[in-house]
Amino acid sequence: MPASTCAQLISRFNLSQVTVPQPKRHPKRRSAVVMLLSDSPQGAQVLLCKRPRHLRSHPSQLCFPGGKQERQDASLRHTALRELHEELNIDAREVDIIGHLGDIETLGGMVITPYLAYLHPGAHWQLDRNEVDAAFFMPFSTLVERQNWYPLRVERSGSPLEFPLLNTPYGVLWGATERIINQFIQQLGLNS
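On a predicted model such as this, the values are computed, not experimentally measured, just so you know.

Thresholds applied
Residues numbered from 1 in each chain as written. Predicted model: local features only at pLDDT ≥ 70, side-chain atom pairs only at ≥ 80, totals over all residues. Heavy atoms only, no water. Helix = DSSP H or I, 4+ residues; strand = E, 2+ residues; numbered from the N terminus. Buried < 20%, exposed > 50% of the residue type's maximum accessible area, 1.4 Å probe, protein only. Contact = heavy atoms within 4.5 Å. Areas by Shrake-Rupley, 256 points an atom, 1.4 Å probe, with all protein chains shown as cover. Pairing = 2+ DSSP bridges. Axes fitted to C-alpha atoms, helices over the stretch in contact; angles between N-to-C directions. Salt bridge = Lys/Arg side-chain N within 4 Å of Asp/Glu carboxyl O. Patch = residues over 30% accessible without salt bridge, like charges linked within 9 Å, V, L, I, M, F, W, Y side chains within 5 Å. Phe/Tyr/Trp six-rings, centres within 6.5 Å; stacked < 30°, edge-to-face > 60°.

## Quick notes on the overall build of the protein chain
From N to C terminus, the protein chain includes four helices and eleven strands. In the protein chain, which comprises 192 residues, the proportion classed as buried is 46%. The long-range share in the protein chain, meaning contacts at least 24 apart out of those at least 6 apart in sequence, stands at 65%. Approximately 10600 Å² of the protein chain is accessible, and the part contributed by carbon and sulfur atoms is 49%.

Okay, structure coming up:
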């Protein structure tokens, strides 16, 4: 796939009208994440985080900035922006929220609402090392190429499952983060 700019991806996203199946039950646990796009000379890139090893849930996993909805959050959008500020010290004024993708339900029953956002050029961040071990950009062109992903086959409760995985310099990308990325790719009509 030729390199796409953020403007091209955002335009495709705004023109897409894909209906994504929503979770089957009303979730008790909600969270929100931000899929941040940024431009580079090689095209659009996506900001990812690596969770610290000391965290109880999902240690060392790759993810988007975000987290659980708290009572004081006015909305899931507020949750996503609050967590973005807490984890990376990125102010809401340094991003443009473009919209949201369909909810993703994890195997553990958490429902995640992913927000697509554009990170302003020159925006700076500082990691909160209690919440984020590393933050890095992945070229969108790497994420969209199916040959970069490989399957992991496992069995859960007697049923076979297959998870697409992508090796990065910071570890393996998979799970809910992979599902959000591939939902975005499918919504843009870029799946090969």
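## What about the sheet that holds strand β10 (residues 159-168)?
Spatial ordering of the open sheet is given by β9-β10-β11, a layout of three strands whose pairing is antiparallel. At either end of the open sheet lies a strand with only one pairing partner, and these are β9 (150-156) and β11 (171-173). Here the average twist between neighbouring strands, direction ignored, is 45°. With seven bridges joining them, β9 and β10 adopt antiparallel strand pairing. In the strand pairing of β10, L152 is matched with F163.

## Looking at the pattern of salt bridges
Tallied over the full model, the rule gives seven salt bridges. Taking the shortest distance from any N to any O, the salt bridge between R82 and D73 comes out at 2.8 Å. Take R82: its relative accessible area is 12%, and that puts it in the buried class. Residue D73 is classed as buried on the basis of its relative accessible area, which comes to 7%. Here the salt bridges do not stand alone but share partners, grouping E70, D73, R82, E83 and E86 into one network.

## Re the pairing of strand β1 (residues 30-40)
With nine of eleven residues buried, β1 is to be regarded as a mostly interior element. Inspection of the sheet shows β1 paired to strand β7 (residues 111-119) by eight bridges, in the parallel sense. Note on β7: the bridge partner recorded for V34 is Y115. Relative to strand β4 (residues 66-68), β1 is paired through three bridges, and the arrangement is antiparallel.

## As for a nonpolar patch on the surface
On the surface, Y150, V172 and W174 cluster together into a nonpolar patch covering about 240 Å² of accessible area. With respect to the helices and strands, the residue Y150 is situated in strand β9.

## Some remarks on unusual backbone geometry
Positioned with a positive phi, N89 is a non-glycine residue whose angle comes to about 55°. Tracing the sequence through the fold places N89 in the loop between α2 (76-88) and β5 (95-100). Under the relative-accessibility criterion, N89 is labelled partly exposed at 37%.

## Some remarks on the packing of aromatic side chains
Here the structure, examined in full by the defined rule, presents five aromatic pairs. On the numbers, 5.6 Å between centres and 65° between planes, the contact of W125 with F137 is edge-to-face. Taken together, the positions of W125 in the loop between β7 and β8 (134-139) and F137 in strand β8 put the pair twelve residues apart, joining distant regions of the chain. Using a relative accessible area of 30% as the deciding quantity, one classes W125 as partly exposed. Consider the rings of F136 and Y170, whose centres lie 4.2 Å apart with planes at 20°: the pair is stacked. Of this pair, F136 sits in strand β8 while Y170 sits in the loop between β10 and β11, and the two are 34 residues apart along the sequence. The buried category is assigned to F136, whose relative accessible area is 7%. Taking the relative accessible area as the measure of exposure, Y170 reaches 33% and is therefore partly exposed.

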